[in-house]
Amino acid sequence: MHENERIIRDAYAAMARGDGRGLATLLTPETRWIIAGQGPLAGTYAGPDAIFGLWKEIAAQTGGGLRLEVRDVLANDDRAVVLVHARGNRDGQALDERQVAVFELAGGKVTTATFIYEDPVAYDEFWS
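Nothing here was measured: the structure is a model prediction, and the numbers come from that model.

S.K.: Help me understand the overall build of the chain, please; the structure alone is not making it clear to me.
M.R.: Of the regular secondary structure elements, the chain holds 4 helices and 6 strands. Along the chain, from the amino end to the carboxyl end, the secondary structure elements read α-α-β-β-α-β-β-β-β-α. Taken over the C-alpha trace, the chain has a radius of gyration of 14 Å; the compact-globule value for 128 residues is 14 Å, and the two agree within 12%. With the C-alpha coordinates aligned to their principal axes, the bounding extent of the chain is approximately 40 × 30 × 25 Å. Counting the 128 residues in the chain, one finds 38% classified as buried. Total accessible area computed for the chain in this model is approximately 6,900 Å², and 51% of it derives from carbon and sulfur atoms. When the 13 basic and 19 acidic side-chain charges of the chain are each reduced to a single mean position, those positions are 5 Å apart.

Written as structure tokens, this is what we have:
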């Protein structure tokens, strides 16, 4: 297994456990988290405070967060691409979407993470 694949698989396992400290070790002050789309959560979140704020908002709005099932990870020395099945509930609406996450890594840290949903309209409607 490539080192970047291990790092990203460990990150998703930490998310599933609610291990914020484990996740924090992957971020730098310059890390950018980019949510594609037009919905209320779309945009770029820069730095650990903004990224953890996003994660807290997602958890608050979904009663504990999204369930993210890693389907596959493709990695090389610079990046990891993750195929994910995302599920969640919010205000009586269900999210059941496939997602592609692209992580740019350097020195074992995430520099940029970009999240794209298969059906961006459904994803945006879920958060609206």
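S.K.: Can you help me understand helix 3 (residues 47-62) in this one?
M.R.: Each α-helix turn comprises 3.6 residues. Residues three or four places apart therefore point the same way. For helix 3, spanning 16 residues, the distance from its first C-alpha to its last is 23 Å, which sits close to the expected 22 Å at 1.5 Å a residue. Of all the positions in helix 3, only Gly-47, Ile-51, Leu-54, Trp-55, Ile-58 and Thr-62 are classed as buried. Down the axis of helix 3, the buried set is contained in an arc of 115 degrees. They therefore lie on one face. Set apart from the buried face of helix 3 by more than 90 degrees, the exposed residues are Asp-49, Lys-56 and Ala-60. For helix 3, the elements touching its buried residues are helix 2 (20-24), strand 1 (32-35), strand 2 (43-46), strand 4 (79-90) and helix 4 (120-127). A positive backbone phi angle near 65 degrees is found at Gly-63, which sits one or two residues after helix 3.

S.K.: Just to check I follow, could you spell out helix 1 (residues 3-17) for this structure?
M.R.: Its 15 residues place the ends of helix 1 21 Å apart at the C-alpha level, agreeing with the 21 Å of an ideal helix rising 1.5 Å per residue. For helix 1, the full list of buried residues reads Asn-4, Glu-5, Ile-7, Ile-8, Ala-11, Tyr-12 and Ala-14. Here the buried face of helix 1 lies against helix 2, strand 3 (67-75), strand 4, strand 5 (93-106) and strand 6 (109-117). Looking one or two places after helix 1, you find Gly-18, whose phi comes out positive at around 75 degrees.

S.K.: Just checking my understanding: could you explain a nonpolar patch on the surface for this structure?
M.R.: Together, Leu-83, Val-100 and Ile-116 make up an exposed nonpolar region whose accessible area comes to about 210 Å². Along the chain, Val-100 falls in strand 5. Residue classification places Val-100 among the partly exposed positions, given a relative accessible area of 31%.

S.K.: Can you help me understand the pairing of strand 3 in this one?
M.R.: Remark: a regular strand shows side chains that alternate across the two faces of the sheet. Bridge count between strand 3 and strand 4: 8 bridges; the pairing is antiparallel. The residue of strand 4 that forms the bridge with Val-70 is Val-84. Linking two consecutive strands that pair antiparallel, namely strand 3 and strand 4, is a turn of 3 residues.

Rules and cut-offs
Residues numbered from 1 in each chain as written. Predicted model: local features only at pLDDT ≥ 70, side-chain atom pairs only at ≥ 80, totals over all residues. Heavy atoms only, no water. Helix = DSSP H or I, 4+ residues; strand = E, 2+ residues; numbered from the N terminus. Rg over C-alpha atoms; globule rule 2.2 N^0.38 Å. Buried < 20%, exposed > 50% of the residue type's maximum accessible area, 1.4 Å probe, protein only. Areas by Shrake-Rupley, 256 points an atom, 1.4 Å probe, with all protein chains shown as cover. Lys, Arg positive; Asp, Glu negative; His and termini not counted. Charge placed at Lys NZ, Arg CZ, Asp CG, Glu CD. Expected span 1.5 Å × (residues − 1). Arc of directions from axis to C-beta. Contact = heavy atoms within 4.5 Å. Patch = residues over 30% accessible without salt bridge, like charges linked within 9 Å, V, L, I, M, F, W, Y side chains within 5 Å. Salt bridge = Lys/Arg side-chain N within 4 Å of Asp/Glu carboxyl O. Pairing = 2+ DSSP bridges.

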